[in-house]
Every structure is written in C-alpha cells, then in structure tokens.
Amino acid sequence: MDVTPDTSGAGGRATGDAARAASITLDAVRKRYPDGTEAVRGLSLEIKAGELVVLIGPSGCGKSTVLRMINRLIEPTGGRILLGDEDVTQADPVRLRRRIGYVIQNVGLFPHQTVRANVATVPRLLGWSRDRSRERVDELLELVGLDPGTFGGRYPHELSGGQRQRVGVARALAADPVVLLMDEPFSAVDPIVRTRLQEEFLRLQAEVRKTIVLVTHDLDEAVRLGDRIAVLSEGGHLEQYDSPAALLGTPATPFVREFVGADRGIRRLVVTPVGRDVLDPVPADGTPDAPAVPLGGSAYDALAVMLTSAADRVVVTDEGRPVGVLDRRRLLDLGRAD
C-alpha cells in the first residue's frame, strides 16, 4: 500500500492549487454492468468549487452509483470525471481516494480502534508524524462538536449514533480533502438528532467550504442543505439542476413536479429569504403593533410567527430597526409555485 508522505503544509491544510482543483465535472458519464443494466446513461454535471450539491431521486436512479464513480469505488464505463483539470479515471485510485473524503450512512468506523485512531486513519497512511496527526485530530473533533479529551479515547460502541456520525465526518476531513462525498450521511439516526446534525453540518460547511456531493432520498434535507439540487430519474437522467428555490418554484419537467410534491410551496418558503423587495413601507404614523422578524430570515419562519401570533402581518427589522412591513398575502405569494 502506498504511504507517500503528505507535503501539503502544516496541519494538512490544502494548498492554493489544491483548493482551485476542487470543482467537479461529469462529462457524459456512463455505467453499464456486465448483465446489461445501465445504471447511468451519459450524465453531465458541473459542480463549482466550494459548492454543496445534492443528488436526489427515486430508488434505483443511480445517485449512489454516481457518487461512487467520482472516487472510483465503482469504475465508470465511459465518459470523463474531472477534479479540477484532472481526469480521475486516469488517476491512481488509491491516491485519489486520499484526496476525497467519504462519509456513508452507517459511518463504517473501525470498531476496535479509538475515536482518535479512527480519525487519524488517512493521516497515518500518508505518513504524518504522531504529533501532527494528534493536532489535526483534536482540531477536527472540536470542529464537529466533540471534546477531544472526553471522546478521543472512546470506542465506537461507546458513542451515540449522532456522535458516531460526527466522528465519520471528522475522519473524512482529516487530510483536508478537496472534495467530500456523502452517501445518506444522516439517515441512520432519529429525526431529532438528524436535524441537529444538519444544523451542525451547515455550520461546519460555512467554516471549511469544501466541494460536497451529498446523496439523499429526503427532499426536505436536500432543500435545507443544498446550494443546488440535481434531480435524477431512472438511468441517472438529469431532470433538473437548480437552486432549491428555483426547483420548488418552477419544476422543469412533469417528473420533477410530481417528485417535489404538492406541498412544494411550503418547502419553497423555507429557502426563500424575506427581502426588501417584498416589503411595504413602515406607515408614516409609526411602526404597527405587530410581531417582528429579521430581514433575510426565511419566509417560512415569518409565516410561523404570523400563525402563532394570530397576526396578519409582521414588522421586518434590520439590526433592530424597522425597515418595512410584510403582510400575509404577500408572504404566501412567495411560496406560490408555477
């Protein structure tokens, strides 16, 4: 097994060149199995550096196959997969996987290794020194919300499902990969823990800004996490590739319209911020007696405030200063889908 020492810099931080190489291009990628099954038929997709893209679709649409072809766990039958300008189908697969973090549904931690040893797996393979690895492990455990002193010496069976998932994310980030692949990463935990993990993951992505491809079957999760969402149908056919708001507001095909469902208007409110363009001015005779919501908050949260307060409008504030009024009619217009 190749254990070429890593030379990317202290703490495993990616160099500028590595960071610029983090875009992903799928160019007419195909996967045909020996029995004739075509899992993916010519998928083309552009993913920008630092973007979180969600692959979603019904079971059997090829979304997990696409993910595994990016890091060569499954070999594509045809087409090109580019990481920056490099065609990964021509790269050494072992070296490639050390540049790409991978998080799966059931985590896959080594049961007889401590948390610290699990997170240090790739740095150890890359030949990092013990001190350097320990520093990186401590940094990552803190980043995912686990105290290194408390959790570093524990074994996977001593952790909750949510804690194991956090360790899995830390392990995937250990060598500062330019790309992070996530296959149903939060589906094995209960809904409450899942929501908390999603919140933590959004916080984490705001700090590390990795290029992330995430597979899920949960549309609400896709809408909440994704910068863009790729909806796939059978054979890995790309039905629509868009922002969550555009996907929910203007489904491009009958397949997408059916997939996102009749309640897509409510989902759209979740990803639609309250902006100045939808506000009525504050009345000249003073700020109305109505509940307040922040400018830039979600339209869904504004609706929730109206419903719980039995109010037909809210005052929108910017750093505590009223900047306009939003009534229920204008608010519901934001969620109206074509």
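Residues numbered from 1 in each chain as written. Predicted model: local features only at pLDDT ≥ 70, side-chain atom pairs only at ≥ 80, totals over all residues. Heavy atoms only, no water.

### Topic: the overall build of the protein chain
Heads up, the condition is: The helix and strand labels rest on DSSP assignments: H or I over at least four residues marks a helix, E over at least two residues marks a strand, and numbering proceeds from the N terminus. It is over C-alpha atoms that the radius of gyration is taken, and the globule rule equals 2.2 Å times the number of residues to the power 0.38. The rule is simple: take the accessible area with a 1.4 Å probe, protein chains only, and divide by the maximum for that residue type; under 20% is buried, over 50% is exposed, in between is partly exposed. Accessible areas in this description were obtained via Shrake-Rupley with a 1.4 Å probe; residue shielding takes into account the shown protein chains only. Here the positive residues are Lys and Arg and the negative ones are Asp and Glu; neither His nor the chain ends is included. In plain terms, the charge of a residue is placed at NZ if it is Lys, CZ if Arg, CG if Asp and CD if Glu.
A tally of helices and strands in the protein chain yields 15 helices and 13 strands. A compact globule built from 338 residues should have a C-alpha radius of gyration of about 20 Å, and the protein chain, at 22 Å, falls within 12% of that. By the burial criterion, 49% of the 338 residues in the protein chain qualify as buried. In the structure as shown, the protein chain presents an accessible area of about 15,900 Å², 50% of it carried by carbon and sulfur atoms. The protein chain carries 43 positive and 47 negative side-chain charges, and their two centres are separated by 3 Å.

### Concerning the nonpolar core
To be explicit about the condition: We define a nonpolar core as any set of buried Ala, Val, Leu, Ile, Met, Phe, Trp, Tyr and Cys residues linked to one another through side-chain atoms lying within 4.5 Å. Pairs of residues are marked as contacts when any of their non-hydrogen atoms sit within 4.5 Å.
Membership of the largest hydrophobic core comes to 41 residues, with the highest contact counts inside it found for V119, L180, M182, F201, L214 and I229. Tallying contributions element by element places helix α8 (residues 161-173) first for this core, with 5 residues. Once residues within four sequence positions are removed from consideration, F201 is found in contact with L52, L180, M182, F186, I212, L214 and L225. Counting 30 residues, the second largest nonpolar core, distinct from the first, contains A39, I47, V53 and L67.

### Brief notes about helix α6 (residues 130-143)
Counted only if it meets this: To estimate the expected span of a helix, count its residues, drop one, and scale the result by 1.5 Å. Directions drawn from the helix axis to the C-beta atoms are what define this arc.
The end-to-end C-alpha distance of α6, which contains 14 residues, comes to 20 Å, matching closely the 20 Å that a straight helix rising 1.5 Å per residue would cover. When we look at burial in α6, the residues that qualify are R132, S133, R136, V137, L140, L141 and L143. Viewed along the axis of α6, the buried residues span an arc of 160°, placing them on a single side of the element. Seen from the buried face of α6, the exposed residues on the opposite side, beyond 90 degrees, are R130, D131, E135 and E142.

### Observations regarding the sheet that holds strand β13 (residues 321-327)
Note the cut-off: Only strands that DSSP links by at least two bridges are regarded as paired with each other. Note on method: axes are straight lines fitted to C-alpha atoms, helices fitted across the in-contact stretch only, with angles between N-to-C directions ranging 0 to 180 degrees.
The strand order β11-β12-β13 describes an open sheet built from 3 strands, whose pairing is mixed. Two strands lie at the open edges of the sheet, namely β11 (292-294) and β13, each paired on one side alone. When the angles between neighbouring strand axes are averaged without regard to direction, this sheet yields 35°. Sheet topology note: the β11/strand β12 (residues 313-318) ladder contains 3 bridges and is parallel. Residue pairing in the sheet places A292 in a bridge with V315 of β12.

### Some remarks on the sheet that holds strand β9 (residues 228-233)
If you walk across this open sheet you meet the 6 strands as β6-β7-β8-β3-β9-β10, and the pairing is mixed. Whereas interior strands pair on both sides, the edge strands pair on one side only; in this sheet they are β6 (100-103) and β10 (237-242). When strand polarity is set aside, the average angle formed by the axes of neighbouring strands in this sheet is 15°. Where helix α2 (residues 63-70) meets the sheet, its contacts fall on β3 (52-56), β6, β7 (179-183), β8 (211-215) and β9, and the angle it forms with β7 comes to roughly 150°.

### Observations concerning a nonpolar patch on the surface
The test is simple: Patches were defined on residues exceeding 30% relative accessible area and lacking a salt bridge, with like-charge contacts within 9 Å and nonpolar side-chain contacts (Val, Leu, Ile, Met, Phe, Trp, Tyr) within 5 Å. The salt bridge criterion pairs a side-chain nitrogen of Lys or Arg with a carboxyl oxygen of Asp or Glu, the two atoms within 4 Å.
A contiguous nonpolar surface patch, about 250 Å² in accessible area, is contributed by I266, V270 and Y300. With respect to the secondary-structure elements, I266 resides in helix α13 (residues 264-270).

### Things to note about the pattern of salt bridges
A complete count under the given rule lists 17 salt bridges for this structure. In this structure, the salt-bridge partner of E38 is R41, at a minimum N-O distance of 3.4 Å. Note on E38: relative accessible area 36%, which makes it partly exposed. If you follow the salt bridges from partner to partner, you end up with R136, E139, D176 and K210 in one network.

### Here's the deal with the domain arrangement of the protein chain
For the record, the criterion: Boundaries between domains were set according to an automatic or database domain assignment.
Splitting the protein chain by domain gives domain 1 (24-262) and domain 2 (272-335). Taken over C-alpha atoms, the centre of domain 1 sits 36 Å from the centre of domain 2.

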